[in-house]
Amino acid sequence: MQATEKAQLKIRDKEVELPVLVGTEGQVGIDITKLKQQAGCTTYDIGFANTASCISNITYVDGINGVLRYRGFNIEDLVEHCSFIEVAYLLVHGVLPTAAELKKFSRYLNQHSMIHENMHHFFNGFPADSHPMAILASMVTSLSSFYPSLTHKDPTFDITGARLISKVRTIAAFSFKKSQGEPVVYPRHDLSFCANFLNMMFSSPVNPYEIRPEVVRILNKLLILHVDHGQNCSTTAVRLIGSARANLYASISAGICALWGPLHGGANQAVIEMLKRIKNDQRNIKKYVDMAKDKNSPFRLPGFGHAVYKNYDPRARICRKMCDELFGSLQTSDPLLDIARELEHIALNDDYFIERHLYPNVDFYTGILYRAMGIPTNMLTVMFTIGRLPGWIAQWKESTEEESAKIFRPRQIYNGPTRLDFIPIDQRKKA
Ligand code: SDX
């Protein structure tokens, strides 16, 4: 990307010119890659909220207008017309697949859907109440012991991507079965990606699972909504580990650990836990809204607010609508959905939330949809992982493809003690 303009920076006795980069959607960035040698200083940007860590062609997020596009396609179009696997292909390869390419990709996913039988023993090493994200992160790292960790240059990198997307789904379902003390259900080549997952999760030798097309359709849409989101916390973790030229499995495992945090992907689990607390607390919604507004309380409304969206998260809007679709077709209801809707209404009409542009984000309704499918609360962030995986793979590939890519090494503003004389142990005083 060529600089088209210059910015002037005046600091102390120096005046420097800095190149200005302009993205295809008009975003403007000041290129400070040479700031240290030009001006002898760094910038300071806690949480990197004002810092672009890369130039990327993958996902565009417009937080003001609530726009999300993968490789240029609006999320609404992809959710409406594609399967999750089609969108996974789009993210990793950069183009929507032809029918033949999609068939080949699906074949790869089937060929690589099993995990090495030796890996089954790993599950037995975890305590029964282990969080599935802990199991998933460990299992994904251990894949590098069983499968070649290829670089993006390898012609068979596509297989590595498909292998990971397929095996993570299998590991997720197996970890659920193990947590239930039930025998695992192996993947089947005659089922689509999402139908296979549901079957592995809920089928059993004594009670075959009825695969309902409307549930499969909603699951596809949910996973599509999670596929990528630019340089969020977990994607930055994947790029950062990849920048040290660590292998893909190790990088993805770091992304899983970052996503687990309740401020990030762990929020979908926190939303359900909050809604259950409200339900058991005489549906006292106002109490929780007030707690979220209370500066002295560490409680923040999970599923609300976003680092980028200062408008309604387009994914939350789609999920809100899907709730009616799914509950209508299943002929069921969930009191947590009624509480969520009432909570949203109260918050969206409260000055505290309005002034801070706090709206429902992707995590607010997803847990309710997954619950309706029978997916347990502690598996919700695992579902986020299954969806986000193609995006992480695409981002890792893009970052390692850049020959000029440097190892992530931010600087700091040191604010510790200046030089101290050494203190022998017999002269030290208790702090
Ligand atoms: C995801 O980045 C991504 O793209 C992430 C993601 C993806 O697809 O990868 O979209 C997925 O992580 C969605 C976010 C899930 N997390 C949650 O739902 C947790 C609850 N949300 C908040 O913790 C918070 O909104 C964050 C962490 C999501 C965003 O934090 P920011 O942008 O740093 O917001 P902030 O801390 O600067 O907040 C600004 C103000 C503060 O109040 P003041 O100091 O100005 O008085 O808004 C308040 C905050 O206290 N605030 C909230 C709030 N979120 C922000 N107050 C109550 N409840 C909340 N949820």
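Above this note sits the structure.
Caption draft 1: Up close: the nonpolar core. Counting residues in hydrophobic clusters, the biggest one holds 116 residues, and the most contacted among them are Tyr70, Leu164, Ile252 and Ile375. Ranked by the residues each element gives to this core, the list is headed by helix 7 (residues 157-180), at 11 residues. Grouped together as the second largest cluster of nonpolar side chains are seven residues, Val16, Val20, Ala39 and Cys41 included.

Caption draft 2: Fine view of the state of the cysteines. Throughout the structure, instances matching the rule amount to zero disulfides. Of all cysteine sulfurs, the one in cysteine 194 lies closest to cysteine 82, which takes part in no disulfide; the gap is 13 Å. According to the relative accessible area criterion, cysteine 82 is buried, its value standing at 14%.

Caption draft 3: Structural view of the sheet that holds strand 6 (residues 73-74). Spatially, 4-5-6 is the arrangement adopted by the three strands of the open sheet, whose pairing is antiparallel. What marks the edges here is a single partner per strand, and that holds for strand 4 (59-62) and strand 6. Here strand 5 (residues 67-70) pairs with strand 6 via two bridges, running antiparallel. Bridged to arginine 69 within strand 6 is asparagine 74.

Caption draft 4: Fine view of helix 15 (residues 335-348). Spanning 14 residues, helix 15 covers 20 Å between terminal C-alpha atoms, matching the ideal 20 Å at 1.5 Å per step. Buried within helix 15 are the following residues: Leu336, Leu337, Ile339, Ala340, Leu343, Glu344 and Ala347. The buried residues of helix 15 occupy an angular sector of 160° when the element is viewed end-on, so they sit on one face. Residues of helix 15 that are buried sit in contact with helix 12 (267-279), helix 13 (285-293), helix 14 (314-330), helix 16 (351-355) and helix 17 (363-373).

Caption draft 5: Examining the environment of glutamine 37 more closely. With respect to the element layout, glutamine 37 can be found in helix 1 (residues 35-39). Distance from glutamine 37 to leucine 18, taken between C-alpha atoms, is 12 Å for residues 19 residues apart in sequence.

Caption draft 6: Up close: the packing of helix 7 against helix 18 (residues 380-401). Put simply, helix 7 and helix 18 touch, their axes get as near as 10 Å, and they point 165° apart. Looking at the two axes, helix 7 sits roughly antiparallel to helix 18. The two elements helix 7 and helix 18 cross, and the hand of that crossing is right-handed. Packed against helix 7, whose contacting residues are Phe157, Gly161, Leu164, Ile165, Val168, Arg169 and Ala172, the element helix 18 presents Val382, Ile386, Leu389, Pro390, Ile393, Trp396 and Lys397 at the interface.

Caption draft 7: Inspection of the packing of helix 3 (residues 84-93) against helix 18 at higher detail. Direction vectors running N to C along helix 3 and helix 18 enclose 15°, while the axes themselves pass 8 Å from each other. The angle between the axes of helix 3 and helix 18 places the two elements in the roughly parallel class. In the crossing of helix 3 with helix 18, the sense of the turn from one axis to the other is right-handed. Here helix 3 contributes Phe84, Ala88, Leu91 and Val92 to the contact with helix 18, which in turn contributes Ile386, Gly387, Pro390, Gly391, Ile393, Ala394 and Lys397. Across the contact of helix 3 with helix 18, the residue classes break down as eight nonpolar, two polar and one charged.

Caption draft 8: Representation of the pattern of salt bridges. Taken as a whole and judged by the stated rule, the model has 17 salt bridges. The salt bridge involving aspartate 421 is made with arginine 419; its shortest N-O contact spans 2.9 Å. Take aspartate 421 and arginine 419: they sit in the same class, and that class is exposed.

Caption draft 9: Structural detail: the sheet that holds strand 3 (residues 28-30). Spatially, the three strands line up as an open sheet ordered 1-2-3, and their pairing is antiparallel. Whereas interior strands pair on both sides, the edge strands pair on one side only; in this sheet they are strand 1 (5-11) and strand 3. For this sheet, the mean inter-axis angle between neighbouring strands, taken without regard to orientation, is 35°.

Caption draft 10: Main features of the environment of serine 113. Looking at where serine 113 falls in the secondary structure, it is placed in the loop between helix 4 (99-111) and helix 5 (120-125). Owing to a relative accessible area of 1%, serine 113 belongs among the buried residues under this scheme. If we skip the residues at most four places from it in the chain, serine 113 touches Ser166, Lys167, Arg169, Thr170, Pro187 and His189. Among the polar contacts made by the side chain of serine 113, one reaches the main-chain carbonyl oxygen of asparagine 110 at a distance of 2.8 Å.

Caption draft 11: The site of the ligand, seen in detail. By nearness alone, 25 residues border the ligand, and His229, Gly303, His306, Arg315 and Arg388 come closest of all. At 2.8 Å, a backbone N or O of leucine 301 approaches a nitrogen atom of the ligand. Contacts to the ligand include arginine 356, whose side-chain N or O atom sits 3.1 Å from an oxygen atom. Coverage of the ligand by the protein amounts to 73% of the 1,100 Å² it exposes when considered alone. Residues of the shell around the ligand, tallied by class, amount to 11 nonpolar, seven polar and seven charged.

Caption draft 12: Representation of the packing of aromatic side chains. Scanning the entire structure with this criterion turns up 15 aromatic pairs. On the numbers, 6.1 Å between centres and 55° between planes, the contact of phenylalanine 122 with phenylalanine 146 is tilted. One end of the pair, phenylalanine 122, is in helix 5; the other, phenylalanine 146, is in helix 6 (residues 132-146), and 24 residues separate them in sequence. Overall, phenylalanine 122 belongs to the partly exposed group, its relative accessible area being 31%. Their ring planes at 70° and their centres at 6.3 Å tell us that tyrosine 288 and phenylalanine 299 sit as a pair that is edge-to-face. Placement of the pair is tyrosine 288 in helix 13 and phenylalanine 299 in the loop between helix 13 and helix 14, with a sequence separation of 11 residues.

Cut-offs and rules
- Residues numbered from 1 in each chain as written.
- Predicted model: local features only at pLDDT ≥ 70, side-chain atom pairs only at ≥ 80, totals over all residues.
- Heavy atoms only, no water.
- Core = buried A, V, L, I, M, F, W, Y, C linked by side-chain atoms within 4.5 Å.
- Buried < 20%, exposed > 50% of the residue type's maximum accessible area, 1.4 Å probe, protein only.
- Helix = DSSP H or I, 4+ residues; strand = E, 2+ residues; numbered from the N terminus.
- Disulfide = S-S within 2.5 Å.
- Pairing = 2+ DSSP bridges.
- Expected span 1.5 Å × (residues − 1).
- Arc of directions from axis to C-beta.
- Contact = heavy atoms within 4.5 Å.
- Axes fitted to C-alpha atoms, helices over the stretch in contact; angles between N-to-C directions.
- Parallel < 35°, antiparallel > 145°, perpendicular 65-115°, else oblique.
- Left-handed = near helix turned anticlockwise from the far one by under 90°.
- Nonpolar A, V, L, I, M, F, W, Y, C, P; charged D, E, K, R; others polar.
- Salt bridge = Lys/Arg side-chain N within 4 Å of Asp/Glu carboxyl O.
- Polar contact = N/O pair within 3.5 Å; in protein donor to acceptor, adjacent residues only side chain to side chain.
- Near = heavy atom within 4 Å.
- Areas by Shrake-Rupley, 256 points an atom, 1.4 Å probe, with all protein chains shown as cover.
- Phe/Tyr/Trp six-rings, centres within 6.5 Å; stacked < 30°, edge-to-face > 60°.

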